[in-house]
Amino acid sequence: MTTTSGTQRARTGRITFFVALAVFAQESTWNLYDSQVPPLLREHLGSAALIGLLMGMDNVLGIFIQPWMGNRSDRTRTSWGRRMPYLLAGMPVAALLFLLIPHVAGTLPLLILVMFGYALVANSFKPIAESLLPDFVPPERRSRANAVVKIAASLTVLVAALISIFLIDTHPKLSFAIPAILMVVSLAVLAANVRDSRSPAYRAALDEERERAAPAARVRDTVLDIVRDRNRSRVLLMLSILLFGGAWAASRALITPYGMEVLGLSRGEAGGLTLPSGVAFIVAAYPVARLAERFGRLRVMTAGMTVFAAGTVFATVVATPAGVVAGLCVASAGASSFLVNAVVVLWNLAPSDRVVGTYTGLYTVGWVSGGFLGPALVGGLVDLTGWPLLLLHVAIVALLAVLAVVRVSALQRRTPASRAL
């Protein structure tokens, strides 16, 4: 029994490392893209709104592409499995397109075309790489595995910052080459070590199809199943993802003008307010995952989201640079409970292993939609009440998400799920 358990832990650790490596490589390109493509656009465009519109193109594409591609991978059957063929095809193309960005930056139409191509391809395989984790990792251990993946993704912010500081001014083309090379290297490691046709979820999906003699569900079928379910757990969880995604995005997107308007900081100083909180998130992510697996994911999510709201309220009350940094650190540590566990709960609420890729895409839709709507909603409230209450409005949105998760917990206690929540 001990040997079997040890072997399972080793396999879980191995696949977690490979998924984290793939996500790290992908997010390295995305973070450098977000920080260094706007200056390239600014050389051609004087309108900040137009630059913002072009930079938001990838989020709009993701809303439509990611659920569809996650579903396509759910329905794919090959000797490599259902995820790896898309990664083998998509990652090299995305790396090449990313590499081309600084080379075509002198011509606006070409730059926009390459940006669109990169956003299209990179969005196509983003949920597929992340779906490898629930394919291999059993429900009860998914939180700690996802915590490692989230930590890897968070570290890419530091990578992009270091490239920007040391290379972008003197070697702009090399700066884009480094993340592209990381992506290709990570793909080579994945290809050499991962066959998701051997994953427990893939084998379970095949067995289920043979028993039912039915193909995997389409995106439309999956969405209708969620909407029509009399148990509203999945709908409420999606609502909480949208709401908390909105609160998180607003606390990030609007903090620089808040620091300038309320704290009297320079643009650079205000932009650095969230840096310590990024470290707090990394430090808290894995312990939070272990707590979730011990005490229950929904319970830990509720507590962490409440801590997030408390941190933003503290920052509102103690409106000094040190107070805001401290409040944001507390808030980020609390937010890690949601960012690590929400998608795991959604995976574990899925009715079958045949649709986990689709559920990964739906999680992204909820999170990205919140990222789009949250700053606009909170920004509108700031227009009405003033900048000093920014973080209080963020807390209110977060508490609405807490109510949704509390309701999911109540529903799950009435109808216990078959998987770990």
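Residues numbered from 1 in each chain as written. Predicted model: local features only at pLDDT ≥ 70, side-chain atom pairs only at ≥ 80, totals over all residues. Heavy atoms only, no water.

Q: Which parts of the structure should I look at to understand the overall build of the protein?
A: Check the secondary structure of the protein and you find 17 helices and zero strands. Reported as C-alpha extents along the three principal axes, the dimensions of the protein are approximately 65 × 50 × 40 Å. Every one of the 421 residues in the protein was classed for burial, and the buried ones make up 55%. Put simply, the protein has 37 plus and 22 minus side-chain charges, and the middle of one group is 7 Å from the middle of the other. (Helix = DSSP H or I, 4+ residues; strand = E, 2+ residues; numbered from the N terminus. Buried < 20%, exposed > 50% of the residue type's maximum accessible area, 1.4 Å probe, protein only. Lys, Arg positive; Asp, Glu negative; His and termini not counted. Charge placed at Lys NZ, Arg CZ, Asp CG, Glu CD.)

Q: What should I look at first to understand the pattern of salt bridges in this one?
A: Pairs can form between side chains of opposite charge once their charged atoms are near each other. Within this structure, the stated rule accounts for nine salt bridges. A salt bridge links D74 to R83; the shortest N-O distance between them is 2.9 Å. The salt bridge partner of D135 is R83, with a shortest N-O separation of 2.7 Å. Of this pair, D135 sits in helix α5 (residues 108-136) while R83 sits in the loop between α3 (57-74) and α4 (84-100), placing them 52 residues apart in sequence. Of the two residues, D135 and R83, neither departs from the other in class, the shared state being buried. Residues joined by salt bridges that share partners form a network here, namely D74, R82, R83 and D135. (Salt bridge = Lys/Arg side-chain N within 4 Å of Asp/Glu carboxyl O.)

Q: What should I look at first to understand helix α15 (residues 321-349) in this one?
A: Note on helix geometry: an α-helix contains 3.6 residues per turn, so any two residues three or four positions apart are oriented the same way. With 29 residues, α15 ought to run about 42 Å at 1.5 Å a step, and its terminal C-alpha atoms sit 41 Å apart, in line with that. Helix geometry: α15 is bent most strongly at N341, by close to 35°. (Expected span 1.5 Å × (residues − 1). Bend = angle between axes of the 7 residues up to and from the residue.)

Q: Even after reading the chapter, I still don't get the packing of aromatic side chains, so can you show me in this structure?
A: Note on aromatic pairs: each is described by the distance of the centres and the angle between the planes. Taken as a whole, this structure holds 12 aromatic pairs when the rule is applied. Between F98 and Y118, the aromatic rings sit 5.5 Å apart at their centres with planes inclined by 50°, giving tilted as the arrangement. Taken together, the positions of F98 in helix α4 and Y118 in helix α5 put the pair 20 residues apart, joining distant regions of the chain. Neither residue differs from the other here; F98 and Y118 are each classed as buried. Aromatic pair W248 and F308: ring centres 6.4 Å apart, planes at 40°, arrangement tilted. One end of the pair, W248, is in helix α10 (residues 233-253); the other, F308, is in helix α14 (residues 297-317), and 60 residues separate them in sequence. (Phe/Tyr/Trp six-rings, centres within 6.5 Å; stacked < 30°, edge-to-face > 60°.)

Q: It is not clear to me how the nonpolar core should be interpreted in this structure. Could you clarify?
A: For soluble globular proteins, nonpolar side chains are generally found buried alongside one another. With 116 residues, the main nonpolar core has L87 and F244 as its most contacted residues. If sequence neighbours within four positions are ignored, L87 has contacts with P92, F125, I128, A129, L132, L187 and L190. Counting residues in each nonpolar core, the second largest holds five residues, with A147, I151, A285 and A289 among its members. (Core = buried A, V, L, I, M, F, W, Y, C linked by side-chain atoms within 4.5 Å. Contact = heavy atoms within 4.5 Å.)

Q: Explanation requested: a nonpolar patch on the surface in the structure shown.
A: A surface patch of nonpolar side chains, amounting to about 590 Å² of accessible area, comprises V313, V317, L389, L392, I396, L400 and L403. For the nonpolar patch, the secondary structure elements donating two or more residues are α14 and α17 (390-414). Assignment of secondary structure puts L389 in the loop between α16 (356-385) and α17. Under the relative-accessibility criterion, L389 is labelled partly exposed at 31%. (Patch = residues over 30% accessible without salt bridge, like charges linked within 9 Å, V, L, I, M, F, W, Y side chains within 5 Å. Areas by Shrake-Rupley, 256 points an atom, 1.4 Å probe, with all protein chains shown as cover.)

Q: Explain the packing of α10 against α17 to me, please; I cannot follow it from the model alone.
A: The relative placement of two packed helices is expressed as an angle between their axes plus a distance between the axes. Put simply, α10 and α17 touch, their axes get as near as 8 Å, and they point 160° apart. Viewed along their axes, α10 and α17 adopt a mutual orientation that is roughly antiparallel. For the element pair α10 and α17, the recorded crossing hand is left-handed. Every residue of α17 that contacts α10 at S233, L236, L237, S240, L243, F244, A247, A250 and S251 is listed here: V394, V397, A398, L400, A401, A404, V405, R407, V408, L411 and Q412. Among the residues making up the contact of α10 with α17, the classes are represented as 15 nonpolar, four polar and one charged. (Axes fitted to C-alpha atoms, helices over the stretch in contact; angles between N-to-C directions. Parallel < 35°, antiparallel > 145°, perpendicular 65-115°, else oblique. Left-handed = near helix turned anticlockwise from the far one by under 90°. Nonpolar A, V, L, I, M, F, W, Y, C, P; charged D, E, K, R; others polar.)

Q: For this particular structure, what's the right way to read the environment of A303?
A: As for its placement among the helices and strands, A303 is situated in helix α14. Residue classification places A303 among the partly exposed residues on the basis of a relative accessible area of 44%.

Q: I would appreciate a short explanation of a positive patch on the surface in the present structure.
A: Taken together, R299, R407, R413 and R414 make up a surface patch of like positive charges. At three residues, the largest contribution of residues to the positive patch is made by α17. Its location among the elements puts R414 in helix α17.

Q: So what exactly am I meant to see when it comes to the environment of S175 here?
A: Following the sequence through the fold, S175 ends up in helix α7 (residues 172-193). S175 sits 43 residues away from L132 along the chain, and the two C-alpha atoms are 29 Å apart. Residues contacting S175, with those up to four places away along its chain left out, are L32, I163, L167 and I168.

Q: What am I meant to see in the packing of helix α13 (residues 275-295) against α14 here?
A: Axis separation between α13 and α14 bottoms out at 7 Å; the angle between their running directions is 130°. By the angle between their axes, α13 is oblique relative to α14. Seen from α13, the contacting residues are V288, L291, A292, E293 and F295; seen from α14, they are R297, R299 and V300. The class makeup of the residues in the contact of α13 with α14 is five nonpolar, no polar and three charged.

These figures come from the coordinates and say nothing about function on their own.
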